[in-house]
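# Topology and contacts: notes
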Amino acid sequence: MSRNFHVEARSGKARIGSIQCSDNCEQGFQGSKVLDTPCALVLTRKGSLPNVTNELFPLASSEALVQISLLDFAVFNANDALGGAEVISQYGKGVHGFCSLKGRSTILSVRAAGSQEFLFDVGARKDLIVGELRGQTQRVKVSVDDVLALQQAMSCEFFEHLSVAAPPDASKKQHENSVWRSLGFLDETISRRGSCNGQLLGVVQGGFEAEYRSLSAKETAERAATGAIGGFMISGFGFGETPDQWETAVAAAVVELPDELPRILTGDGSPERVLRAIELGIDVFDCSYPFDVAEFGIALDLESGQHLNLNDGEHELSRQPLIDKCTCYACIKHTRGYLHHLLRVQEMLAETLICIHNLFNYNSFLKAARESIRAGKFDDFRSNFIRKRRQDAVSQGSSYPQ
């Protein structure tokens, strides 16, 4: 299995790249695929998109990496201690066959995009951490061997090692623990992976202090120089940090990372923050935002910087598509009036159709960002988008997640 990342064009620190995915694993599902960056990292729940079946996935997003949450598969049946690695290994077709993700490039991630789940450091036990299963109060212990076993069974194209985050109000000791415990997990993963397939992503932690983010990035980059790492996961976001804290941490990490490997950012995937991350040199982003706003009945129109609240009564008799000239499945097949009706009667099909549209629109937005980088006009693209979004916020009010 080989992975190559090539930077093809730049506009300031913003860059267009391509991730060449050439998979020869025994499941034989992937073949060769090139993903253009900047691109989205699409979240899943138990290997499926929220509200969207995998059969409908191609209608929504063709250019994206797919995130597989470790905690979704760490334990299948807690009462019987039935592990996900055992089940998927016995199935014999990896996560691509088990979750019908044929032709998709996947990342085994410790923390799912847009979720509040996280792993706890258990202090004296240096060989594992503890995670809360989504929607449950039960906790599950996760070790380096557990991650490697699950990755071996799943054959994800990329996988993330265990790490420890530091909260926004962390003490000096917590920051240091975040850096060195995470590096310890990285070193242990490198030494114990053996023939485990997939590209290992070095996780950059260190909380929200530039000093510790920089230290974590430098130390992780040194491991990458040996060829043991295929990319970087800048993690530990989404815990209520301020915009200034977020920017300090991301900027301090990126400047220390080598140019030749992809950089993946976890946490908030709102369009404004994604554009700022691209400006700082990030290549791949968590993509929970299209799903988050769909829960509010909101259809995105990122080309104009606007959004459409389909709960509004003005759409009741409308025969217009969600967004004029949009070529997604939802806009071609259905009207605003129909979606308004589905929302009023609380029909789950409403979120499915809005999610299809929002993912399609979000990926079109990233394609436009790539084109602006290629033309050397990314700064203009970002400035124009923020101006239009502010105008929309004034006219619509803050009725959707920012």
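All of the points below concern the structure found in this document. Starting from 1, residues in each chain are numbered consecutively following that chain's sequence as written. For this predicted model, a pLDDT threshold of at least 70 governs which residues receive local features, and a threshold of 80 or more governs which side-chain atom pairs are given and counted, while totals over whole chains, interfaces and linings are taken from all residues. Excluded from the side-chain calculation are hydrogens and water; included are all heavy atoms of the structure.

## Regarding the pattern of salt bridges
The rule for a salt bridge is simple: a side-chain nitrogen of Lys or Arg has to be within 4 Å of a carboxyl oxygen of Asp or Glu. Here the structure, examined in full by the defined rule, presents 14 salt bridges. Salt-bridge contacts for R192 lead to E188; the nearest nitrogen and oxygen are separated by 2.8 Å. Here the residue R192 and the residue E188 both occupy positions in helix α6 (residues 172-192), the gap between them amounting to four residues, near one helical turn. Where D259 meets R263, a salt bridge forms, and the shortest distance between an N and an O atom there is 3.7 Å. Throughout, exposure labels follow a simple rule: accessible area from a 1.4 Å probe, protein chains only, divided by the maximum for the residue type, with under 20% read as buried, over 50% as exposed, and the rest as partly exposed. Residue classification places D259 among the partly exposed positions, given a relative accessible area of 31%. With a relative accessible area of 6%, R263 lands in the buried category. Starting at the N terminus, helices and strands are each numbered in turn, a helix being any DSSP run of H or I of at least four residues and a strand any DSSP run of E of at least two.

## Describing the packing of helix α12 (residues 336-344) against helix α13 (residues 349-374)
Think of each axis as a best-fit line through the C-alpha atoms, taken over the contacting stretch in the case of a helix, with angles from 0 to 180 degrees between the N-to-C directions. Close contact between α12 and α13 brings their axes to 8 Å; oriented N to C, the two are set at 135 degrees. The angle between the axes of α12 and α13 places the two elements in the oblique class. Touching Y338, L339, L342 and L343 of α12 are L349, A350, L353 and I354, all from α13. In the contact of α12 with α13, the residues fall into eight nonpolar, no polar and no charged. Any angle from 65 to 115 degrees is called roughly perpendicular, while one under 35 is roughly parallel, one over 145 is roughly antiparallel, and all others are oblique. Any two residues whose heavy atoms approach within 4.5 Å are treated as being in contact. Note that Gly is not counted as nonpolar here; it falls among the polar residues with everything else outside the nonpolar set of Ala, Val, Leu, Ile, Met, Phe, Trp, Tyr, Cys and Pro and the charged set of Asp, Glu, Lys and Arg.

## Considering the environment of K13
Mapped onto the elements of the fold, K13 is located in the loop between β1 (2-11) and β2 (14-23). Given the relative accessible area of 55%, K13 is considered exposed. It is 9.8 Å that separates the C-alpha atoms of K13 and F378, two residues lying 365 residues apart in sequence.

## Section: the nonpolar core
Ranked by size, the top nonpolar core spans 99 residues in total, and within it I68, M154, I234 and I278 carry the most contacts. Broken down by element, this core gets its largest block of residues, 11 residues, from α13. Ignoring sequence-local partners within four residues, the contact set of I278 consists of K13, A14, P38, F285, L366, A369, I373 and F378. Residues L35, F158, L201 and I264 belong to the second largest nonpolar core, which totals 14 residues. To qualify as a nonpolar core, a set must consist of buried Ala, Val, Leu, Ile, Met, Phe, Trp, Tyr and Cys residues joined through side-chain atoms within 4.5 Å.

## Remarks on the side chain of Q205
Note that Q205 resides in the loop between β13 (199-204) and α7 (210-224). With residues near it in sequence (within four places) discarded, Q205 still touches S163, V164, A165, S178, S182, Y212, R213, S216, S235 and G236.

## What to know about the pairing of strand β17 (residues 298-301)
By the alternation rule, side chains of β17 split into I298 and L300 and A299 and D301, which are all buried. Note on pairing: two strands pair once DSSP finds at least 2 bridges between them. Bridging between β17 and strand β18 (residues 306-309) involves four bridges; their strand directions are antiparallel. Paired with A299 across the two strands is L308, which belongs to β18. Between β17 and the antiparallel strand that follows it, β18, lie four residues; G305 among them carries a positive phi value of about 75 degrees.

## Some words on the packing of aromatic side chains
Pairing of aromatic rings covers Phe, Tyr and the six-membered ring of Trp, with a centre-to-centre limit of 6.5 Å; geometry is then stacked below 30 degrees between planes, edge-to-face above 60, and tilted otherwise. Counted according to the given criterion, the structure contains six aromatic pairs. On the numbers, 6.4 Å between centres and 55 degrees between planes, the contact of Y362 with F365 is tilted. Taken together, the residues span about one helical turn, with Y362 and F365 both in helix α13 at a distance of three residues. Pair check on accessibility: Y362 and F365 agree, each one buried. Put simply, the rings of Y362, F365, F378, F381 and F385 touch in pairs and so form one group of aromatic residues.

## Description of the packing of α6 against α7
Axis separation between α6 and α7 bottoms out at 10 Å; the angle between their running directions is 10 degrees. Put simply, α6 runs roughly parallel to α7. Here K172, H175, E176, V179, W180, L183, L186, D187 and I190 of α6 lie close against α7, whose contacting residues are Y212, L215, S216, E219, T220 and R223. Among the residues making up the contact of α6 with α7, the classes are represented as seven nonpolar, three polar and five charged.

## Let's talk about the sheet that holds strand β4 (residues 39-42)
Spatially, eight strands are ordered β4-β5-β8-β12-β13-β14-β15-β16 in a closed barrel, and the strand pairing comes out parallel. Recorded for the sheet is a direction-independent mean angle of 30 degrees between the axes of neighbouring strands. Alignment of β13 against strand β14 (residues 231-234), held across four bridges, turns out to be parallel. Paired with L201 across the two strands is G231, which belongs to β14.

## Here we look at α12
Those residues of α12 lying buried are R336, G337, L339, H340, L342 and L343. Those residues of α12 hidden inside the fold are in contact with β18 and α13.

## Description of unusual backbone geometry
The omega torsion across T37 and P38 is 5 degrees, close enough to zero to call that bond cis. Following the sequence through the fold, P38 ends up in the loop between β3 (31-37) and β4. One non-glycine residue, S155, lies in the positive phi region at around 60 degrees. Along the chain, S155 falls in the loop between α5 (144-154) and β12 (158-160). Positive phi, close to 70 degrees, is recorded for K325, a residue that is not glycine. Checked against the element boundaries, K325 lands in the loop between β18 and α11 (329-333). By relative accessible area, K325 is classed as exposed at 83%.

## Re the environment of S171
Relative to the assigned elements, S171 resides in the loop between β12 and α6. Residue S171 is classed as partly exposed on the basis of its relative accessible area of 34%. For the pair S171 and G207, spaced 36 residues apart in sequence, the C-alpha to C-alpha distance is 9.7 Å.

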